[in-house]
Amino acid sequence: MSEVKISAQTRTEFGKGAARRIRRDAKVPGVLYGHGSDPLHLTLPGHDLLLALRTPNVLIALDIDGKTNELAIPKAVQRDAIKGFLEHVDLQLVKRGEKVTVEIPVQTEGELAAGGNLLEHVLNALPVETEATHIPEGVTVSVEGLEAGASVLAQDITLPKGTTLAVDGDTVVLQVLAAQAEEAQGEGAEGEEAAEA
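Residue numbers restart at each chain and count upward from 1, following the sequence in its written direction. Local features in a predicted model are, by the rule used here, given only for residues with pLDDT of at least 70; side-chain atom pairs are given and counted only at 80 or more, and totals for whole chains, interfaces and linings are based on all residues. Hydrogens and water are ignored here; the side-chain numbers use all heavy atoms of the structure.

S.K.: Please provide a residue-by-residue account of the pairing of strand β1 (residues 3-10), values included.
M.R.: When DSSP finds two or more bridges between a pair of strands, those strands are recorded as paired. Counting from the N terminus, the helices are DSSP H or I runs at least four residues long and the strands are E runs at least two residues long. As paired elements, β1 and strand β4 (residues 59-64) share six bridges and run parallel to each other. Directly across from S7, in β4, lies its bridge partner D63. Note that β1 and strand β3 (residues 37-45) share two bridges and pair antiparallel. From the neighbouring strand, Q9 faces β3, where its bridge partner is T43.

S.K.: Which residues make up the pairing of strand β7 (residues 99-109), and what values do they have?
M.R.: Across a regular strand the side chains alternate sides, sitting on one face of the sheet and then on the other. Pairing between β7 and strand β9 (residues 125-131): seven bridges, direction antiparallel. Within the sheet, the bridge partner assigned to T101 lies in β9 and is E129. Pairing geometry for β7 and strand β10 (residues 139-142), over four bridges, is parallel. Its bridge partner lying in β10, T108 is registered against V141.

Below, the structure written as structure tokens:
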């Protein structure tokens, strides 16, 4: 995974008014925390941060005030519910070689067995522990030929080297559901009408 470099400035103003002023300047207020250090309040460039956050679990190389370089991963992102712009971001400080727990997206490939079965994503993202500088972009699971009643457990998914599960191996990630027959629904409705009469 590549690093995204972002320049940030420390901030000394806090509260709603200060946050609004920061956002008006197309910037985003944020907090950097971790490793037992005091939280560091930052102002980040909005457009650069928005582009960086398009990648899940992006590794951000922060240049703070042109003096300090830190590595961080996003932990919490607040967006405006209507317009979608970034309101605030929490960043977790990480070091090279350090293990972190993150959720990586689960993608599927292949076709289910014939019969109109449905695939349910019980987990859209899989919790894993991995090195902070080598976070996988996701995992791909083959569902080729799976029939109704089949499920894929966390322990069945092949993880990239250096990555381990951060969830119980028996956790269901995907399951195949039988399609509901329209005829059965129609018969049920007729049966209810007969019972009401």
